[in-house]
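Residue-level structural notes
These are the residues of each chain, in order.
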Amino acid sequence: MREWENNIRKVTPYTPGEQPKQPNVIKLNTNENPYPPSPMVLNALRQMTTETMRKYPDPTAGELVSAIAREYRTRPEQVFVGVGSDDVLAMCFLTFFNSEKPILFPDITYSFYDVWADLFRIPYECPPLNDKFEIVKEDYYRENGGVVFPNPNAPTGVQMPLADIEDILQHNQDVIVIVDEAYIDFGGLSARALLEKYENLLIVQTFSKSRCMAGMRIGYAFGSEELIRHLNDVKYSFNSYTMNEAAIRLGAAAVSDSMYLMETRHKIVETRERAKKELAQLGFSCTDSLANFLFVTHETCPARELFEALKAEGIYVRYFDKPRIDNYLRITIGTDEEMDALYRFLRDYLRV
Ligand SMILES: *Cc1c(COP(=O)(O)O)cnc(C)c1O
């Protein structure tokens, strides 16, 4: 073996859902929003010129940070922004999880957490969800180097009650607790209310799902001024200009349009609740998801078979070949028309 091979940082990368090249597929596999972003975003895009591209962007992304702070009635000093919440979460792991003790996150959760932990050489343990796919709060009472979980959880969509989150915070005052609220706008209750009480709490959100802007890569976090300062110190030691000018401007425009957010999320919630009923009639059971996806299993037909059959039909959903969830499909909520096509195919395929 060549000597330098010993010195390579070897990692198993995260595998994102497929982005099929062919047109006319029904894409229900990566939790994108089926609706376009707010019309304000197009206005802001039209105001961009090549001159605005010639210069470096504001390293503090001040316009975006202020817009988020204004919308969420907090101070700009309590807001951190990054290139999607993946970037924000990676920065959080790098900044806050530096003890020798294992960090804790559920066995079934966002599959990027273990990738970052491995990349940054952070030890971790994964307490199992119970058989209803709920986080068992008592599992987080033990000594640890930090806690992170999504709420609602992914890929199950199951929400943890705010009282349980507070209980986990009360038992973990010596470490940073991160609540990943990628899906909170689809009906869950945000833990932002707890920020005043717990200076070790960080809440991470994203423009990729509820704000219909996955392609722009905008994520953000709320936390105490002190935590945000530490995050920025690490960020500026890595890359001063993570947010590009377009992301800053279009993000600021999007976040200010709260009416549009309410309209689109209402449509998605309606479609989701109808989907729960339609799929139940087709023999599926599904978790009580509060996200923009459903997590379903069929009474007779194996998930992997369904996944392949749907794909052959041009309907993409997500399948995870992992212990405990390898007979489940995660189906993103699309438009009503897309969902109708899904039910039609399933009715036919399952001969219901
Ligand atoms: C989608 C998702 C993210 C990351 O989204 P970005 O596009 O990077 O903002 C983070 N956490 C969870 C649980 C997600 O589902």
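Source: prediction; values computed, not measured. (Residues numbered from 1 in each chain as written. Predicted model: local features only at pLDDT ≥ 70, side-chain atom pairs only at ≥ 80, totals over all residues. Heavy atoms only, no water.)

With respect to the domain arrangement of the protein
When cut into domains, the protein gives domain 1 (20-36 + 259-351) and domain 2 (39-256). Inter-centroid distance (C-alpha atoms) of domain 1 to domain 2 is 26 Å. With 26 residues of domain 1 at the contact, the number on the domain 2 side is 28 residues. Interface area, domain 1 with domain 2, both sides summed: about 2000 Å², of which 63% is carbon and sulfur. When residues of domain 1 are sorted by the area they lose upon contact with domain 2, Leu261, Leu290 and Arg324 head the list and together hold 32% of the total. For the pair domain 1 and domain 2, the interface holds two salt bridges. A salt bridge links aspartate 185 to arginine 265; the nearest nitrogen and oxygen atoms lie 3.8 Å apart. Those elements giving two or more residues to the side of domain 1 that touches domain 2 turn out to be α9 (258-281) and β10 (293-298). Split into classes, the residues belonging to the side of domain 1 that touches domain 2 amount to 13 nonpolar, six polar and seven charged. (Domains from an automatic or database assignment. Contact = heavy atoms within 4.5 Å. Buried area = accessible area lost by both parts, 1.4 Å probe. Salt bridge = Lys/Arg side-chain N within 4 Å of Asp/Glu carboxyl O. Helix = DSSP H or I, 4+ residues; strand = E, 2+ residues; numbered from the N terminus. Nonpolar A, V, L, I, M, F, W, Y, C, P; charged D, E, K, R; others polar.)

Notes on helix α8 (residues 245-256)
In this model α8 runs 17 Å from its N-terminal to its C-terminal C-alpha over 12 residues, within 8% of the 16 Å that 1.5 Å per residue would give. Most of α8 is tucked away, with 10 of its 12 residues classed as buried. Buried residues along α8 sit against α1 (39-46), α2 (50-54), α3 (62-71) and α9. Put simply, asparagine 244 is the residue that caps the front of α8, since its side-chain oxygen is 3.0 Å from the backbone nitrogen of alanine 246. (Expected span 1.5 Å × (residues − 1). Buried < 20%, exposed > 50% of the residue type's maximum accessible area, 1.4 Å probe, protein only. Polar contact = N/O pair within 3.5 Å; in protein donor to acceptor, adjacent residues only side chain to side chain.)

A closer look at the side chain of lysine 209
Position of lysine 209 relative to the elements: it lies in the loop between β7 (201-206) and β8 (219-222). One buried charged residue, lysine 209, remains without a salt bridge, the closest side chain of opposite sign being aspartate 86 at 6.8 Å. Beyond its immediate chain neighbours, meaning those up to four positions away, lysine 209 contacts Asn31, Asn33, Ala182, Tyr183, Phe186 and Asn292. (Lys, Arg positive; Asp, Glu negative; His and termini not counted.)

Regarding the packing of α9 against helix α11 (residues 336-349)
Between α9 and α11, whose axes approach to 11 Å, the crossing angle comes to 5°. Put simply, α9 runs roughly parallel to α11. Along its contact with α9, which presents Thr271, Arg274, Ala275, Glu278 and Leu279, the element α11 presents Asp336, Met339, Asp340, Tyr343, Leu346 and Arg347. (Axes fitted to C-alpha atoms, helices over the stretch in contact; angles between N-to-C directions. Parallel < 35°, antiparallel > 145°, perpendicular 65-115°, else oblique.)

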